[in-house]
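Spelled out from the first residue to the last, the chains are:
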Amino acid sequence: MWFDDLDAIWRVLAVGAGAYAALVVLLRVTGKRTLSKLNAFDFVVTIALGSTLATVLLNADVSWAEGVTALALLAGLQLVVSWIVSRRPKVAGVVTSGALVVLRDGVPDLDALRRARLTQAELAQSVRRAGFGGYDVLAAVVLESDGSLSVVPASKLGDATAIEPLERG
């Protein structure tokens, strides 16, 4: 079906513009963290915001007010959870996973790789993507809480304050 009626098109344009404007305001009020990808929880909130916006745009049974309320609820919950996590580090473990060192001093940690469900091929791929041909020049590879792999060459290790407190496999 290519076209139902003009009223539906006008509804999408009007409600879409209003919902978009409301979302922009909500994101400005709640801050950059709402759309960050610091961890899986942040990612889920971002996806939920997009899904809610799509529902408001395309489902005539959902009013603009209901959609904006849902968007505000998601953004507000993200704000509250991130506020709590930033002030109560012990709570962070409930919502987010910590970083995990999967290679240290050029040696892959097979237990950490297994716990993270990463293969040695995926580890090697991340090392190559970072521009390195071997593990011997690396101080660490860290599986971050957002799922990315950070490669730290030995030449840039410094005092290792960003690596030492991390969980070992």
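Residues numbered from 1 in each chain as written. Predicted model: local features only at pLDDT ≥ 70, side-chain atom pairs only at ≥ 80, totals over all residues. Heavy atoms only, no water.

The next point concerns a nonpolar patch on the surface. On the surface, a nonpolar cluster with roughly 800 Å² of combined accessible area is contributed by Trp2, Phe3, Leu6, Ile9, Trp10 and Leu13. Positionally, Leu13 belongs in helix α1 (residues 6-30). Given a relative accessible area of 49%, Leu13 falls into the partly exposed group. (Patch = residues over 30% accessible without salt bridge, like charges linked within 9 Å, V, L, I, M, F, W, Y side chains within 5 Å. Areas by Shrake-Rupley, 256 points an atom, 1.4 Å probe, with all protein chains shown as cover. Salt bridge = Lys/Arg side-chain N within 4 Å of Asp/Glu carboxyl O. Helix = DSSP H or I, 4+ residues; strand = E, 2+ residues; numbered from the N terminus. Buried < 20%, exposed > 50% of the residue type's maximum accessible area, 1.4 Å probe, protein only.)

Here strand β3 (residues 138-143) runs beside strand β4 (residues 149-153); their pairing, made up of five bridges, is antiparallel. Residue pairing across strands places Leu143 opposite Leu149, the latter belonging to β4. (Pairing = 2+ DSSP bridges.)

Here helix α3 (residues 64-87) contains 24 residues, and its C-alpha end-to-end distance of 34 Å stays within 8% of the 34 Å for a straight helix at 1.5 Å per residue. What α3 keeps buried is the set Gly67, Val68, Leu71, Ala75, Gln78, Ser82 and Val85. Lining the buried residues of α3 we find α1, α2 (40-58) and α4 (89-95). (Expected span 1.5 Å × (residues − 1). Contact = heavy atoms within 4.5 Å.)

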